[in-house]
Amino acid sequence: MRPQKDIEDAMSQHADAVWRVCVLHCSERQDAQDAFQNTYIKYALADETCFNGEEHRKAWLIRTATNACRDLLRASARRSSRQEGPARLETAVSTDALTEPGSFASDVVDAMRGLDDPPRTPLYLSLCEGYSAPEIADLLDAPVNTVYTWIARGKATLRRLLR
């Protein structure tokens, strides 16, 4: 297990980015919180993983958060398909000013949630986290030209949805 200081440093430096990923992918507040927690639990237990600098650690945390969200959404879909009646969805709430209800940014977050993945994750990494297409390609293990296409299609879809 990683030392407590290492875990605290990772949280202080990257918690906002990890939380935004979780809010972007999860429509329920509890799922976003669970994915956030699972991300840092996996980080704490990944003591044999070495990082080549802070950007590598941030990329690892973002990718792990994305995967944790997908796992939770799959589990939630299985649970809701077994339930009788529609599942109640509660919109995720954040203290981040960019995702406060009623703000333009909230409309953007809602539109981003409506995108398929891809292009949601590559577009988020490009627009919000500032990664270049080649960096995203490395992170997602996808061809660079495919990442450019995902980003372009995502932007076009967002423009259409936000008009």
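This report concerns the structure included in the present document. (Residues numbered from 1 in each chain as written. Predicted model: local features only at pLDDT ≥ 70, side-chain atom pairs only at ≥ 80, totals over all residues. Heavy atoms only, no water.)

The secondary structure content of the protein amounts to 7 helices and 0 strands. Counted from the first residue to the last, the protein has its helices and strands arranged as α-α-α-α-α-α-α. Counting across all 163 residues of the protein, residues that qualify as buried make up 42%. Counting only carbon and sulfur atoms, one obtains 51% of the accessible surface of the protein, whose full area is about 9,500 Å². (Helix = DSSP H or I, 4+ residues; strand = E, 2+ residues; numbered from the N terminus. Buried < 20%, exposed > 50% of the residue type's maximum accessible area, 1.4 Å probe, protein only. Areas by Shrake-Rupley, 256 points an atom, 1.4 Å probe, with all protein chains shown as cover.)

Moving on, we come to a negative patch on the surface. On the surface, a cluster of negative charge is contributed by Glu55, Glu135, Asp138 and Asp141. Its location among the elements puts glutamate 135 in helix H6 (residues 133-140). (Patch = residues over 30% accessible without salt bridge, like charges linked within 9 Å, V, L, I, M, F, W, Y side chains within 5 Å. Salt bridge = Lys/Arg side-chain N within 4 Å of Asp/Glu carboxyl O. Lys, Arg positive; Asp, Glu negative; His and termini not counted. Charge placed at Lys NZ, Arg CZ, Asp CG, Glu CD.)

The final tally for this structure, using the stated rule, is 8 salt bridges. We note a salt bridge from aspartate 6 to arginine 2, for which the minimum N-O separation is 3.1 Å. The buried category is assigned to arginine 2, whose relative accessible area is 10%. Residues arginine 70 and aspartate 117 are paired through a salt bridge, measuring 2.5 Å at the closest nitrogen-oxygen approach. One end of the pair, arginine 70, is in helix H3 (residues 54-82); the other, aspartate 117, is in the loop between helix H4 (104-114) and helix H5 (120-127), and 47 residues separate them in sequence. According to the relative accessible area criterion, aspartate 117 is partly exposed, its value standing at 24%. Several salt bridges converge on common partners, so that one network encompasses Arg2, Asp6, Glu54 and Arg57.

Taking 1.5 Å as the rise per residue, helix H2 (residues 29-45) with 17 residues should run 24 Å; its terminal C-alpha atoms sit 24 Å apart, in good agreement. Of all the residues in H2, the buried ones are Asp31, Ala32, Ala35, Phe36, Thr39, Tyr40, Tyr43 and Ala44. (Expected span 1.5 Å × (residues − 1).)

Attention now moves to a nonpolar patch on the surface. Residues Met1, Ile41 and Leu45 make up a contiguous nonpolar surface patch of roughly 340 Å² in combined accessible area. Tracing the backbone through its elements, the reader meets isoleucine 41 in helix H2.

Here the focus is the state of the cysteines. Taken as a whole and assessed by the stated rule, the structure comprises 0 disulfides. Unpaired in terms of disulfides, cysteine 69 finds its nearest cysteine sulfur in cysteine 26, a separation of 3.6 Å. Judged by its relative accessible area of 0%, cysteine 69 falls in the buried class. (Disulfide = S-S within 2.5 Å.)

The next point concerns the packing of H5 against H6. Taken N-terminus to C-terminus, the directions of H5 and H6 make an angle of 135°; their axes are 10 Å apart at the nearest point. Relative to H6, the element H5 lies oblique. Here H5 runs over H6; the crossing is right-handed. Contacts between H5 and H6 pair Thr121, Pro122, Leu125 and Ser126 from the former with Ile136, Leu139 and Leu140 from the latter. (Axes fitted to C-alpha atoms, helices over the stretch in contact; angles between N-to-C directions. Parallel < 35°, antiparallel > 145°, perpendicular 65-115°, else oblique. Left-handed = near helix turned anticlockwise from the far one by under 90°. Contact = heavy atoms within 4.5 Å.)

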